[in-house]
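Chains, contacts and geometry: an overview
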Amino acid sequence: MYNVLIDGIVGIWKGINMCAAKRLSETERKQEIMDAAARIISSKGLEKTTMEDIIAGTTLSKGGVYHYYGSVIEIFKDIMLRGIEYRETVIKQHLHGEKQPVVTRDFIARELVNKMLDDNPYMPLYIELLIAKKRNPELSDLMSELKEKTKTRLNFLTRDVPEWLDDPNIFEFITNFINAIILASDVLEARENLARNRHILEKMILNIMDENV
């Protein structure tokens with residue numbers, strides 16, 4: 001009798017959750033999936049996270065999650081794209097705060113260092129990507145795609161394409177430099193020290209840009 005009562009309560013609860021899920025829009029459902037994935041990847045690591053983990057972290061059914069995403073990497077890709085949108089929004093806000101809202105070399109250097117040192121919710125997930133991509137070719141492909149999207153966004157913001165951005169070698173070098181500082185900030189717990197010396201990082205970025213002038 002007790003088991004029957006428990007089963008009935010569980011059934012009602014699942015029904016309530018399913019009704020709630022049906023009221024969600026597609027955007028809201030995908031956001032719920034991404035939020036669950038972000039929590040789990042942050043705690044378990046990207047390589048150890050499974051679709052079953054993510055499904056269990058949502059109010060959606062297995063079929064409901066797979067309707068939108070076929071794998072952990074597909075979900076992770078959307079999270080990283082949101083990260084790029086976040087960075088673009090931050091840059092625009094900083095630009096609007098300038099006395100003369102013009103994208104200068106100094107402004108770009110400051111924003112690239114801001115990206116290195118920013119401790120936002122996307123950063124731990126991006127670090128997971130940096131660490132795991134060496135062992136997973138699919139993640140290396142994702143990284144390449146993210147680089148191109150970042151370049152496209154920077155092109156849009158700067159209007160005139162900086163020479164260093166149009167040079168594959170310099171762009172790759174700056175990307176590697178940024179990623180190295182991001183890893184050092186987190187893995188070596190050096191963010192505070194690097195932040196105190198950010199003027200040096202900005203000068204280094206400017207010097208790298210000048211190499212292509």
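This one's a predicted model, so the numbers in the text were calculated from it and none came from an experiment.

Conventions and cut-offs
- Residues numbered from 1 in each chain as written.
- Predicted model: local features only at pLDDT ≥ 70, side-chain atom pairs only at ≥ 80, totals over all residues.
- Heavy atoms only, no water.
- Helix = DSSP H or I, 4+ residues; strand = E, 2+ residues; numbered from the N terminus.
- Buried < 20%, exposed > 50% of the residue type's maximum accessible area, 1.4 Å probe, protein only.
- Contact = heavy atoms within 4.5 Å.
- Areas by Shrake-Rupley, 256 points an atom, 1.4 Å probe, with all protein chains shown as cover.
- Expected span 1.5 Å × (residues − 1).
- Core = buried A, V, L, I, M, F, W, Y, C linked by side-chain atoms within 4.5 Å.
- Axes fitted to C-alpha atoms, helices over the stretch in contact; angles between N-to-C directions.
- Parallel < 35°, antiparallel > 145°, perpendicular 65-115°, else oblique.
- Left-handed = near helix turned anticlockwise from the far one by under 90°.
- Nonpolar A, V, L, I, M, F, W, Y, C, P; charged D, E, K, R; others polar.
- Salt bridge = Lys/Arg side-chain N within 4 Å of Asp/Glu carboxyl O.

A few words on the overall build of the protein. When helices and strands are tallied, the protein shows 12 helices and 0 strands. Each helix and strand of the protein, ordered N terminal to C terminal, gives the series α-α-α-α-α-α-α-α-α-α-α-α. Going through the 213 residues of the protein one by one, you find that 41% of them count as buried. At a minimum sequence separation of 6, the contacts of the protein that also span at least 24 residues come to 67%. Summing over all exposed atoms, the protein offers an accessible surface of approximately 12,800 Å²; the carbon and sulfur share of this is 55%.

A few words now on helix α6 (residues 105–117). Taking 1.5 Å of rise per residue, 13 residues should cover 18 Å, and α6 covers 19 Å from first to last C-alpha, within 8% of that figure. Within α6, burial applies to Phe107, Ile108, Ala109, Glu111, Leu112, Val113, Asn114, Met116 and Leu117.

A few words on the nonpolar core. Judged by nonpolar contacts, the single largest core of 58 residues is most densely connected at Ile75, Met116, Leu129, Trp164 and Ile205. Discounting chain neighbours no more than four positions away, the residues touching Ile75 are Ile33, Met34, Ala37, Met51, Ile54 and Tyr69.

Mapped onto the fold, Glu32 is located in helix α2 (residues 26–44). Owing to a relative accessible area of 16%, Glu32 belongs among the buried residues under this scheme. It is 9.9 Å that separates the C-alpha atoms of Glu32 and Ile54, two residues lying 22 residues apart in sequence.

Quick look at the environment of Met209 now. Mapped onto the secondary structure, Met209 falls in helix α12 (residues 198–210). Under the relative-accessibility criterion, Met209 is labelled buried at 3%. Spatially, the C-alpha atoms of Met209 and Ile174 are 8.6 Å apart, while their sequence positions differ by 35 residues.

Attention shifts here to the packing of helix α10 (residues 168–187) against α12. Between α10 and α12, the least distance of the axes is 11 Å, while the angle of their chain directions is 165°. By the angle between their axes, α10 is roughly antiparallel relative to α12. In this structure, the crossing between α10 and α12 has a hand that is right-handed. Here Ile170, Phe173, Ile174, Phe177 and Ile181 of α10 lie close against α12, whose contacting residues are Leu201, Met204, Ile205 and Ile208. Taken together, the residues that form the contact of α10 with α12 break down as 9 nonpolar, no polar and no charged.

Let us now look at the pattern of salt bridges. Overall, the coordinates contain 11 salt bridges when judged by the stated rule. Measuring nitrogen to oxygen at the nearest pair gives 2.8 Å for the salt bridge that ties Lys44 to Asp53. What makes Lys44 partly exposed here is its relative accessible area of 39%. Relative accessible area serves as the criterion here: at 22%, Asp53 is assigned to the partly exposed category. In this structure, Lys147 and Glu172 form a salt bridge, with 2.9 Å as the shortest nitrogen-oxygen distance. Placement of the pair is Lys147 in helix α8 (residues 137–158) and Glu172 in helix α10, with a sequence separation of 25 residues. A relative accessible area of 31% places Glu172 in the partly exposed class.

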